[in-house]
Amino acid sequence: MSAGDSCHNLAEPSSTIGLDPSVRSLRHYVALVGPPNAGKTTLFNRLTGLRQKVANFPGVTVEHHVGKARTTAGREVFLIDLPGIYSMEPRSEDEEVTRDVLTGAKPGIGQPDAVILILDATNLHRHLLLAAPILSLGLPTLVVLNMADDLAKRGGSIDPAALAAQLGCPVALISAATGQGVDKVQQFLEGSSARPPATAKRVELPILQDLPGCRRWAGQVGSDSGYSAPAPPIWTRRLDSVFLHPQLGPFVFLLVVISVFQAIFSGAQPLMDGVESWITLSGNWLGAALPEGVIRSLLIEGIWAGVGSVLVFLPQILMLFLFIGILEDSGYLARAALIADRTMSLVGLQGKAFIPLLSAYACAVPAILSTRTIENKRDRLATILIAPFMTCSARLAPYLLLIGTFVQDRPLLGPFLHTQTAAMLGLYLLGFLAAIATAQLLRSTVLRRQQSVFVLELPPYRMPNLRSLGLRLYDRAFVFLKNAGTVILLVSACLWVLAHVPYKDGQPAKLEDSVAGQIGHAIEPAIKPLGFNWKIGVGLITSLAAREVIVGTLGTIYGIENADKDDVNLQQALRKDLTPAGAGALLVFFAFAMQCFSTIAVVRRETGGWFWPSVQFVYMSVFAYLSAWGTFVLLSR
Amino acid sequence: MQLTFNKDSKAPGATALEDISSLVDLRCGQAAVLESLEVESDLGRRLMELGFFPGGDVVAAGCAPGGDPRVYRVDGSEIALRTETARFLKIRTSSIRTITPPKSTSSRS
C-alpha cells in the first residue's frame, strides 16, 4: 500500500475497533449523526475519550472516527462519528457516506444498531428538519438536543419529554461541552442492544421530498414541544461587527494569519531543538551501546538519521493543528473563509479553499483531506492541485540547510530583516505565486466551464473545547509518528542498503561504486544543466519519497554521522560540491517539485484515480526542472 | 454534484413584475419575505435546508469587507452567499421593511 494509505487508514482489520465483519456480528455499533456545527464531535469525544481512531471506509476517502464508549454499567459500545449532513440528499462525498452507512448501503459494515441524532437546541426548528429522514429509517434513535447551556443562557426553553412523546423516541437535553446531561446518552447506549418497541403516539412523519412541508412539520413539532427560541447570540453579533468590519476585519484577518505563522516558525523552534537534541543524544547512546558493525551502521547512519530528520517536524505540525483547531472550533475560520472568498475568487477559487491552503503550509496531506468540505468538485480539484505548491514544513529542512550554507547572514533592512530570513520569505512567496499562477492556468484551461457556488453557514462563536483540541492533536501526532515509523523508516533503510551494496571482499562498496552511486551517475547528464552532480542526484531520487529525506541522504552520502541541518561538516562538504548558482537552482527545484509519496497517494484517493496525480506530478516536475535550469543559468552569469 | 445556475432563470418572465426584486436589493438591517428561489434544483434544495424557504423571512445581516459575499439571517442561522447567487433569490419589494437592531436583548446575554 502507498504511503498515504498506510498513514491515514488506521482502522485496519487487525485493529480491535473497526468495521471488520466478524467483529461487527458480535458487537453493537451506534452511529452519531447530525448537521454540521451541532457539536457532534464534542459529544463523540466526551463519550469515547482516547479510545478512538481515525479510519477510512473501504473504497472511499472519507475520514471518520470510530471509538469505544464505556457506559456507566461497564458495557462497551462502538460509536462511529459520521460526517455532518443537512439532509439525506447528499451533495458531497462526505454526505454520501453518511447516507450510505445509515441506510445500510455501505458494503462491509451493515446498518447501525442504533442512531444518536444530535441537534443544536438553540436552532431547533431548522435542525429538526433532519429528524424526519433519520426517524423514517426505523432504527432505534436517541435525539440529543445539544447546547443546553447556551439555550438557557439566551433565554430559550424546550420540554424534552413532550418532544420525545411526539417523535416516539427518547430525547436528551445535554451540553456536550460541559458534560451536563451526558448520562442520559450513556443510558441510551446501555439499552441500545435490545431494540425497544416504538412508542404508539408519535406524530406522523412528513413526506420527505416536500421540504417546505418538512419545515412546517418541524415548526409544528417544535412549538408543540414548548420550544421557545433563544435570543440572538449577542456576543456573536458584537464580535462580527469587528471581525467583518470593512477596515478592521481584514486587519484582524492578517493579524491572525501572521500570528499563526509566527507561532509555527518561532514558537515551535525551542520544541524542535528539544526533539533534535533528544534524537542526537539517543543516537549517540545507542551508538555507544552497540558493537561496531553493519547493524550499528544501519541503525545509526541509516535509520536514526533518516527518521530523526523527520521527527524534528512533529512540534511544528502539532502547533499548526492546534491553531487551526482553535480557529475552527471558535467559529473564526468560517469568517476567515468569508473574508478570503473575494480574493480567492480572483484566481478562480472560493473562500472555503482558504482553510486547506493554510493547512498546506504545514503539510499537503491533511490539507488535501480537508478540501472535502468544498462541495463544488471543480473548486475542490483546483485546490487539491495547487496545495502542494504551498511551502510545507518538509521543505524547511533542505531550505534551512542550503540557506545556512550559501547565504551570508547580514542585515538587509537594518536589524529587522536579515538576508537569510529574506531568502526564506522569498521561497515562501515563490511557492505562493506558483500556486496562484497554476490556479489561473487551471481556470483558463481544463477547469473552465463550471460556475462555482459559495454557500457558507456562519456558526455562533464558541469557546474552543480543550478536550477536543487535545484529542485532535493526539490524533495528528499518532498519524505522523506512524508515517515516520513505516514509510520514512523503510526509505532510510533501503537507501542505506543501496549505498553499501555490492559488498567486495566483505567490505561495503565505496559510495561512488554502490548501487545508489551508480544510479546517481546514471542521471547525472540530466541534472548537470542545473548545476547538480551525482551526489545531489542521489538526494533528488531519495527525496522523491519525501523532501526532507534529502538532508539525511546527503548526510549519509558525505559519510557524516547524525547529519542534520546544523551540521557544519555537511555544510562544508556541500560548499565543495555545489556552486552558489547550483544551490539557488536546488532551492527553486524544491520549491516547485512534487517530491512526496504521501501527497501523490492522497491525491490519487481524493480524485479517484491516477489521472490527476500523474498530471500534477508531471506538471510540477517540469515546472521545477525548467525553473531550476533558468535559475542556474541566470545566477551563473 | 456540480452546481450550475439554471440558464432559464435569466429569462425575463419572472422579473417582469414590478414588485419583484432580489436579496441583493436588501440593505443591511432590512428584512423581506422570500418569494422564490430561481436557482438550479440541487442548489435550491441546499438553500432550503439552510433555511431559505419561499414565504419565509430573510434579514440582510451584513457582508464581508468589500461587500461580497453577503450574510443573510434566515431561520435562526447566518448564511453567507455571493452576490451572484443572492441575485437569484427573489423577494417581493413591497415586503421590504427595516428591522431595528434588537437592543432589548443585549441585557440577557
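Everything numeric in this text was worked out from a predicted model, so none of it was measured.

Let us look at the overall build of chain A. When helices and strands are tallied, chain A shows 29 helices and ten strands. The 637 residues of chain A split such that 57% are buried. Restricting the contact set of chain A to residue pairs at least 6 apart, pairs at least 24 apart contribute 73%. Of the accessible surface of chain A, which amounts to about 26000 Å², a share of 64% is contributed by carbon and sulfur atoms.

This next bit is on the nonpolar core. Residues and elements named next belong to chain A. In this structure, Tyr332, Leu338, Leu349 and Phe532 are the most contacted members of the largest nonpolar core, which totals 119 residues. At ten residues, helix 27 (residues 580-592) tops the list of elements feeding residues into this core. Apart from the residues within four sequence positions on either side, tyrosine 332 is in contact with Phe243, Val252, Phe253, Val256, Leu327, Ile339 and Tyr461. With 40 residues, the next largest nonpolar core counts Leu82, Ala121, Leu139 and Leu163 among its residues.

Moving on to the packing of helix 28 (residues 597-607) of chain A against helix 29 (residues 611-636) of chain A. Residues and elements named next belong to chain A. The geometry of helix 28 relative to helix 29 is characterised by a closest axis approach of 7 Å and an angle of 140° between their N-to-C directions. Considering their axes alone, helix 28 and helix 29 lie oblique with respect to each other. When helix 28 is examined against helix 29, the residues Ile600, Val603, Arg604 and Thr607 are found in contact with a partner set consisting of Trp612, Pro613, Gln616 and Phe617. Partitioned by chemical class, the residues of the contact of helix 28 with helix 29 number five nonpolar, two polar and one charged.

This part is about the pattern of salt bridges. Scanning the entire structure with this criterion turns up 24 salt bridges over all chains. Across the pair Asp19(B) and Arg92(B) runs a salt bridge whose closest N-O atoms are separated by 3.3 Å. Residue Asp19(B) is located in the segment before strand 1 (20-22), and its partner Arg92(B) is located in strand 6 (residues 89-92); the two are separated by 73 residues in the primary sequence. Judged by its relative accessible area of 24%, Asp19(B) falls in the partly exposed class. One salt bridge in this structure joins Arg82(B) and Glu84(B), with 3.6 Å as the shortest N-O distance. Take Arg82(B): its relative accessible area is 6%, and that puts it in the buried class. Judged by its relative accessible area of 26%, Glu84(B) is partly exposed. Salt bridges here are not isolated pairs; linked through shared partners, they connect Glu95(A), Arg45(B), Arg46(B) and Glu49(B).

A few words on the side chain of Glu524(A). Residues and elements named next belong to chain A. Structurally, glutamate 524 is set in helix 23 (residues 515-527). Summary of buried charges: glutamate 524 has no salt-bridge partner, and the nearest side chain of opposite charge, lysine 528, is 4.4 Å away. Dropping the residues within four chain positions of it, glutamate 524 is found in contact with Asn533 and Trp534.

This next bit is on the interface of chain A and chain B. On the chain B side, the residues contacting the 50 residues of chain A number 37 residues. When the two sides are added together, the surface that chain A and chain B hide from each other amounts to roughly 3900 Å², 57% of it contributed by carbon and sulfur. Joining chain A to chain B, the criterion identifies four salt bridges. Among the ionic pairs, Arg46(B) bridges to Glu95(A), the shortest N-O distance being 3.1 Å. At the junction of chain A with chain B, the criterion picks out eleven residue pairs in polar contact (both at pLDDT 80 or more). When strand 10 (residues 455-458) of chain A meets strand 5 (residues 77-81) of chain B, the two strands line up antiparallel, connected through four bridges. By the bridge assignment, Leu458(A) is partnered in strand 5 of chain B with Glu78(B).

What follows concerns the packing of aromatic side chains. Residue and element names in this part refer to chain A. Per the counting criterion, the structure on display carries twelve aromatic pairs over all chains. An angle of 85° between the planes, with centres 5.2 Å apart, marks the rings of phenylalanine 243 and tyrosine 332 as edge-to-face. Within this pair, whereas phenylalanine 243 is found in helix 11 (residues 234-243), its partner tyrosine 332 is found in helix 16 (residues 332-346), the two being separated by 89 residues in sequence. Using a relative accessible area of 18% as the deciding quantity, one classes phenylalanine 243 as buried. In this structure tyrosine 332 comes out as buried when scored by relative accessible area, which is 4%. Pairwise contacts between aromatic rings join Phe389, Phe592, Tyr619 and Phe623 into one cluster. Over the ring of tryptophan 235 we find arginine 238, and its NZ or CZ is 4.9 Å from the ring centre. The lysine or arginine in question, arginine 335, covers the ring of tyrosine 461, its NZ or CZ lying 4.1 Å from the ring centre.

Residues and elements named next belong to chain A. Position of threonine 178 relative to the elements: it lies in the loop between strand 7 (171-173) and helix 9 (182-191). Along the backbone, threonine 178 and threonine 42 are 136 residues apart, and their C-alpha atoms lie at a distance of 9.9 Å. When neighbours within four sequence positions are excluded, threonine 178 is seen to be in contact with Arg46 and Asp149. For threonine 178, the side chain forms a polar contact with the side chain of serine 175, separated by 3.0 Å.

Attention now moves to helix 19 (residues 377-386) of chain A. Residue and element names in this part refer to chain A. Counting buried residues along helix 19, nine of its ten residues qualify, which places the element largely inside the surrounding structure. Buried within helix 19 are the following residues: Arg378, Asp379, Arg380, Leu381, Ala382, Thr383, Ile384, Leu385 and Ile386. Along its buried surface, helix 19 packs onto helix 4 (93-103), helix 17 (354-359), helix 18 (364-369), helix 21 (419-444), helix 28 and helix 29.

Rules behind the numbers
- Residues numbered from 1 in each chain as written.
- Chains lettered and ligands numbered in written order.
- Predicted model: local features only at pLDDT ≥ 70, side-chain atom pairs only at ≥ 80, totals over all residues.
- Heavy atoms only, no water.
- Helix = DSSP H or I, 4+ residues; strand = E, 2+ residues; numbered from the N terminus.
- Buried < 20%, exposed > 50% of the residue type's maximum accessible area, 1.4 Å probe, protein only.
- Contact = heavy atoms within 4.5 Å.
- Areas by Shrake-Rupley, 256 points an atom, 1.4 Å probe, with all protein chains shown as cover.
- Core = buried A, V, L, I, M, F, W, Y, C linked by side-chain atoms within 4.5 Å.
- Axes fitted to C-alpha atoms, helices over the stretch in contact; angles between N-to-C directions.
- Parallel < 35°, antiparallel > 145°, perpendicular 65-115°, else oblique.
- Nonpolar A, V, L, I, M, F, W, Y, C, P; charged D, E, K, R; others polar.
- Salt bridge = Lys/Arg side-chain N within 4 Å of Asp/Glu carboxyl O.
- Lys, Arg positive; Asp, Glu negative; His and termini not counted.
- Buried area = accessible area lost by both parts, 1.4 Å probe.
- Polar contact = N/O pair within 3.5 Å; in protein donor to acceptor, adjacent residues only side chain to side chain.
- Pairing = 2+ DSSP bridges.
- Phe/Tyr/Trp six-rings, centres within 6.5 Å; stacked < 30°, edge-to-face > 60°.
- Lys NZ or Arg CZ within 6 Å of the ring centre and 35° of its normal.

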